Amino acid sequence: MVIVHNPTTGNEEKRPINKIASSHLARRTFIGNIYKKVNDWNLVGVLSGHKEGSKAFARYRDIDEEMKQNLVNLLGEYP
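From a predicted model like this one, the values you see are computed outputs, not experimental measurements.

K.L.:
So, the environment of G53: which residues are in play, and what are the values?
P.N.:
The residue G53 is located in the loop between helix 3 (41–47) and helix 4 (55–58) in this model. The spacing of G53 and I3 is 50 residues in sequence and 36 Å in space, taken between C-alpha atoms.

K.L.:
Describe in detail helix 2 (residues 23–38), supporting the description with residues and values.
P.N.:
Over its 16 residues, helix 2 runs 22 Å from end to end, which matches the ideal 22 Å to within 8%, given 1.5 Å per residue. Two residues or fewer past helix 2, N39 is found with a positive phi of approximately 60°.

K.L.:
Lay out the nonpolar core with the relevant residues and their values.
P.N.:
By size, the foremost hydrophobic cluster in this structure holds six residues: I31, Y35, W41, V44, F57 and M67. Among the secondary structure elements, those contributing two or more residues to this core are helix 2 and helix 3.

K.L.:
Can you tell me about the side chain of N6, naming the residues and giving the values?
P.N.:
Locating N6 in the fold gives a position in the loop between strand 1 (2–5) and strand 2 (12–15). Residue classification places N6 among the buried residues on the basis of a relative accessible area of 11%. Polar contacts involving the side chain of N6 include one to the main-chain amide nitrogen of T9, which spans 3.2 Å. A distance of 2.6 Å separates polar atoms of two side chains, one belonging to N6 and the other to E13. In this structure, N6 is in contact with N11, E13 and R15, ignoring residues within four places of it in sequence.

K.L.:
Account for the confidence of the model for the protein, naming residues and giving values.
P.N.:
Close reading of the predicted structure is inappropriate where its pLDDT is low. Taken as a whole, the protein shows an average pLDDT of 81; of its residues, 92% reach a score of 70 or greater. Mean pLDDT across the elements of the protein ranges from a minimum in helix 4, with 71, to a maximum in strand 2, with 93.

Calculation criteria
Residues numbered from 1 in each chain as written. Predicted model: local features only at pLDDT ≥ 70, side-chain atom pairs only at ≥ 80, totals over all residues. Heavy atoms only, no water. Helix = DSSP H or I, 4+ residues; strand = E, 2+ residues; numbered from the N terminus. Expected span 1.5 Å × (residues − 1). Core = buried A, V, L, I, M, F, W, Y, C linked by side-chain atoms within 4.5 Å. Buried < 20%, exposed > 50% of the residue type's maximum accessible area, 1.4 Å probe, protein only. Polar contact = N/O pair within 3.5 Å; in protein donor to acceptor, adjacent residues only side chain to side chain. Contact = heavy atoms within 4.5 Å. pLDDT = per-residue confidence, 0-100.

So this is what it looks like as structure tokens:
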């Protein structure tokens, strides 16, 4: 069970995750998670069936705070 916001009533409701999550949500989550590990959009794009330079693929890109921090930490590893 997950808690969701009902846009009509404004109330929070509990619903089974299988009633909310879609295969597209699973695909987006997979792509986002693998990108955090690989950091290569071309490789992740090929893995997810997108053509190189795909405009549709660009919407999956989400650079979060953890990724930014990892990049900053990489800078500290160099003398």
